[in-house]
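Architecture at a glance
The residues making up each chain are set out below.
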Amino acid sequence: MSDDTKLTRRSLLTRMFAGVCAVTLAGCQKLSESTWFSKVLGVGEKATRRVQKLVLPRKAMAQEFPEADLSPQFRSNGTAMPRNPAFMAMAKNGFADYRLAVEGLVEHPGTFSLADIRALPSRTQITRHDCVEGWSAIGRWKGARLSALLEAVHLKPNARYVVFHCADPMEEDGSSPYYESIDLDDAFHPQTILAYELNGESLPVKNGAPLRLRLERQLGYKMAKYVMRLEVVEDFSRIVGGKGGYWEDQGYEWYAGI
Amino acid sequence: MACSNPATSEGNQYYRHSLPVRIMHWINVILLTILLMSGLNIFNAHPALYWGEQSYSGVPPILELKSRETDEGEVHGVTRIFGHAFGTTGFLGASSNEEGDLVGRGFPSWLTIPGNQWLAMARRWHFFFAWLLAVNGIGFLTYSIASGHLHRDLLPTMQDWRSIGRSTVDHLLFRRPTGEAAKYYNVLQKFAYLTVIFVLLPLVVLMGLGMSPALDALFTGWVGIFGGRQSVRTFHFVVAWALVLFTVIHVFEVIVNGFWNNLRSMITGNFRIKSEANHE
């Protein structure tokens, strides 16, 4: 090894560089796991929400596509069959016994059968579903306009969010039912529907039967499947983990417009 | 290697890079590194790229980093690009986790922030530092225009346009300018910097925004100009790697043209010009 000395400087530098990289990466990991740094990073997503709310007209429409663009198979993600005996029994019966409960800050709380929901003003739209993971699929959705349902129950003046409580437990033991929440701007957007049809057929269980939310200007995790109960609230800080949704409680952002 | 020792090489020093340019340059280095690595963690959540609006049109992905488990339980990493599959076990598709076991994973842990597969946290890093990149970028543009840096140092002169051919030949033959000519960026260097500043960086930001379902609704169908949302995602990835490629060439040029001299000029601002006949 005659060129040992010649290589010293370079190998030393290389080793120093590798060392600095390793320490930096370990540092990034430590930072990721600390609450304060996660909070600092969260400032970025809050800025995103503010700016997007500012530049995006309230009723700006998500793109709709021609029939030819439909995905041959609409991917099912997350739960494909809720591990919930009550739900399974209802599904077996074609959701004849299904009742959507609407409660909270509304003048006329009540329950709605699927027939009631189908009787509400509806909308059909071919839209692109964007998952937070990165993939997209295109489907044709038909459902009741959420605005029509909310108008039917009359919101109280302090109503600010609609919380969607779902039938699918996220834990093996059947606990932690999925839930989500949206603000009233989104709730009254014309493309926001409670969908009961996908591609011209009754919504399949793997895609969220009997009712799933479509919220076309945000990512897929906002679009709760297996919706059982709507709760209109002033704030959601006391519901489950307090972050406004199952994935939000796991660290995802409440605003999923990006 | 041409690591000329700054203490012994003769020639005069001159002030090459202004303080704001130096600061914004190094901020950019940190931001782009974090954005690349957190971006790769996000990519790993669905390690495949497509052309068009969607991922499930029936056409297979352009690029896919997958893992495959044999009947014996061995994990293999496979990279599939334009229909050609390559075994990339240990690097792409499957690499070691913290315990040293091979697991299915797009890019390996040492290339991602955070090191483990953690989409929510990677998104936090990515969007936070993306804002800083935008601020730094706007700062750089404003400064460059206002101070004349853009006009004086970056925009090609008439002489530059005329010397493209000779400059290219010189470049390929590793003949680098000395003396007075070394004071100015050569025309290829100017093109490279202008491409990064006015094409690659704006494009990578625009393609990032194109993935936002909210911003897609701003002007209906604008992502379609680029082929659709999945195309935009593919562009975002390709442009990010184009920036990496630029960085590799940039660092290579820095090394072959006098590593310490160039590095010092980006730290203190002072660049030492070699006199004409000084080749090692």
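Computed from a prediction, not measured in an experiment: that's the story for all the values here.

**Points about the overall build of chain A**
- When helices and strands are counted, chain A shows seven helices and ten strands.
- Here chain A has a C-alpha radius of gyration of 23 Å; the compact-globule value for 258 residues is 18 Å, and the former is much larger.
- The principal-axis extents of the C-alpha atoms in chain A amount to approximately 85 × 45 × 40 Å.
- Evaluated residue by residue, chain A yields a buried proportion of 38% over its 258 residues.

**Quick notes on the overall build of chain B**
- Helix and strand counts for chain B stand at nine helices and eight strands.
- Overall size of chain B, expressed as C-alpha extent along the three principal axes, is 65 × 50 × 35 Å.
- A burial count over chain B gives 30% of its 280 residues as buried.
- Across chain B, the fraction of contacts at a sequence separation of at least 24, relative to all contacts at a separation of at least 6, is 63%.

**Concerning the sheet that holds strand S2 (residues 48–49) of chain B**
Residues and elements named next belong to chain B.
- Spatially, S2-S3-S4-S5 is the arrangement adopted by the four strands of the open sheet, whose pairing is antiparallel. Looking at strand neighbours, the two that pair on one side only are S2 and strand S5 (84–87), the edges of this open sheet.
- Here strand S4 (residues 75–81) pairs with S5 via four bridges, running antiparallel. Bridge pairing in S5 places Ile-81 opposite His-84.

**What to know about the domain arrangement of chain B**
Residue and element names in this part refer to chain B.
- If you check the domain split of chain B, you get domain 1 (13–46 + 114–272) and domain 2 (48–106).
- Using C-alpha coordinates to define each centre, domain 1 is positioned 29 Å away from domain 2.
- Between domain 1 and domain 2, the contact holds twelve residues from the first and eleven residues from the second.
- Put simply, the parts of the chain that give the side of domain 1 that touches domain 2 at least two residues each are helix H1 (19–44) and helix H8 (229–256).
- The residue makeup of the side of domain 1 that touches domain 2, split by class, is two nonpolar, eight polar and two charged.

**Quick look at the interface of chain B and chain A**
- The interface is formed by 34 residues belonging to chain B together with 41 residues belonging to chain A.
- Among the secondary structure elements, those contributing two or more residues to the side of chain B that touches chain A are helix H2 (119–147), helix H7 (213–216) and H8 of chain B.
- With eight residues, H2 of chain B is the single largest residue contributor to the side of chain B that touches chain A.
- Each residue belonging to the side of chain B that touches chain A can be placed in one class, and the counts come to 19 nonpolar, ten polar and five charged.

**Quick look at unusual backbone geometry**
All names here are of chain A.
- With an omega of 0 degrees, the peptide bond running from Ala-209 to Pro-210 counts as cis.
- Locating Pro-210 in the fold gives a position in the loop between strand S8 (201–202) and strand S9 (212–214).
- Despite not being glycine, Asn-199 shows a phi value in the positive range, around 50 degrees.
- Note that Asn-199 resides in the loop between strand S7 (193–198) and S8.
- For Asn-199, a count of 19 C-beta atoms within 10 Å gives the class partly exposed.

**What to know about the sheet that holds strand S1 (residues 100–104) of chain A**
All names here are of chain A.
- Taken in spatial order, the five strands make up an open sheet running S2-S1-S10-S5-S6, and their pairing is mixed. Each edge of the open sheet carries a strand with a single partner, namely strand S2 (110–112) and strand S6 (177–183). Averaged over all pairs of adjacent strands, the angle between their axes in this sheet comes to 20 degrees, without regard to strand direction.
- Sheet topology note: the S1/strand S10 (residues 227–233) ladder contains four bridges and is parallel. Bridging from a neighbouring strand, Gly-104 pairs with Val-232 of S10.

**What to know about the environment of Ile-239 of chain A**
- Relative to the helices and strands, Ile-239 of chain A is located in the loop between S10 and helix H7 (246–249).
- For Ile-239 of chain A and Leu-203 of chain A, which are 36 residues apart along the polypeptide, the C-alpha to C-alpha distance reads 28 Å.

**Observations concerning the nonpolar core**
- Of all hydrophobic cores here, the largest spans 76 residues; its most connected members are Phe-164, Cys-166, Leu-194 and Val-227 of chain A.
- The greatest single-element share of this core, amounting to nine residues, is contributed by H2 of chain B.
- Contacts of Cys-166 of chain A, omitting those with residues within four sequence positions, involve Pro-177, Tyr-178, Tyr-179, Ala-224, Lys-225, Tyr-226, Val-227 and Met-228 of chain A.
- In this structure, Met-211, Val-223, Val-232 and Val-239 of chain B belong to the second largest nonpolar core, which totals nine residues.

**Considerations on the confidence of the model for chain B**
Residue and element names in this part refer to chain B.
- With 94% of its residues at a pLDDT of at least 70, chain B reaches an overall mean of 91.
- By mean pLDDT, strand S1 (residues 13–15) is the weakest element of chain B at 87, and S2 is the strongest at 98.
- Predicted confidence for residues 1–10 stays below pLDDT 50, and this span has 16 contacts to residues more than four positions away or in other chains.

**Quick look at helix H2 (residues 35–55) of chain A**
- Over its 21 residues, H2 of chain A extends 30 Å from the first C-alpha to the last, a length consistent with the 30 Å expected when each residue adds 1.5 Å.
- Among all positions of H2 of chain A, only Leu-41, Glu-45 and Thr-48 of chain A are buried.
- Buried residues along H2 of chain A sit in contact with H2 of chain B.

**Focus on the packing of H2 of chain A against H2 of chain B**
- Running from N to C, H2 of chain A and H2 of chain B cross one another at 65 degrees; their axes reach a closest spacing of 8 Å. Considering how the two elements wind past one another, H2 of chain A and H2 of chain B form a crossing that is left-handed. Residue-level inspection shows Ser-38, Leu-41, Gly-42, Val-43, Gly-44, Glu-45, Ala-47 and Thr-48 of chain A of H2 of chain A in contact with H2 of chain B, the latter providing Arg-124, Trp-125, Phe-127, Phe-128 and Trp-131 of chain B.
- Considered class by class, the residues forming the contact of H2 of chain A with H2 of chain B number seven nonpolar, four polar and two charged.

**Some points on the pairing of S1 of chain A**
Residues and elements named next belong to chain A.
- Across three bridges, the pairing between S1 and S2 is antiparallel. From the neighbouring strand, Val-102 faces S2, where its bridge partner is Gly-110.
- Here S1 hands over to S2 after five residues, the two strands then running antiparallel side by side.

**Overview of the domain arrangement of chain A**
- Looking at the assigned domains, one finds that chain A contains domain 1 (4–49) and domain 2 (60–249).
- A C-alpha centroid distance of 41 Å is found between domain 1 of chain A and domain 2 of chain A.

The rules behind these values
Once a new chain begins, its residue numbering starts again from 1 and follows that chain's sequence as written. Throughout, the order in which chains and ligands are written sets their labels, letters from A for the former and numbers from 1 for the latter. Under the rules for a predicted model, residues below a pLDDT of 70 receive no local features and side-chain atom pairs below 80 are neither given nor counted, while totals for whole chains, interfaces and linings still include all residues. Put simply, DSSP marks the helices as runs of H or I at least four residues long and the strands as runs of E at least two long, and each gets a number from the N terminus on. With the radius of gyration taken over C-alpha atoms, the globule rule is written as 2.2 Å times the number of residues to the power 0.38. In this scheme the burial state of a residue depends on its C-beta neighbours within 10 Å: 20 or more other such atoms mean buried, 12 or fewer mean exposed, and anything in between means partly exposed; the C-beta positions come from the backbone. Contacts here follow a simple rule: the backbone-placed C-beta atoms of the two residues must lie within 7 Å. Strands are labelled as partners when DSSP assigns at least two bridges between them. Bear in mind that the domain bounds are from an automatic or database domain assignment. Residue type decides the class: Asp, Glu, Lys and Arg count as charged, Ala, Val, Leu, Ile, Met, Phe, Trp, Tyr, Cys and Pro as nonpolar, and the leftover types, Gly among them, as polar. To get an axis, a line is fitted to the C-alpha atoms, and for a helix only the part in contact is used. The angle between two axes follows their N-to-C directions and goes from 0 to 180 degrees. We define a nonpolar core as a collection of buried residues of the types Ala, Val, Leu, Ile, Met, Phe, Trp, Tyr and Cys that are connected via C-beta atoms lying within 7 Å of each other. Every residue carries a pLDDT, the predictor's confidence in it, which falls somewhere between 0 and 100. By definition here, a helix of n residues has an expected span of 1.5 Å times n minus one. Less than a right angle of anticlockwise turn of the near helix away from the far helix marks a crossing as left-handed, whereas a clockwise turn marks it as right-handed.

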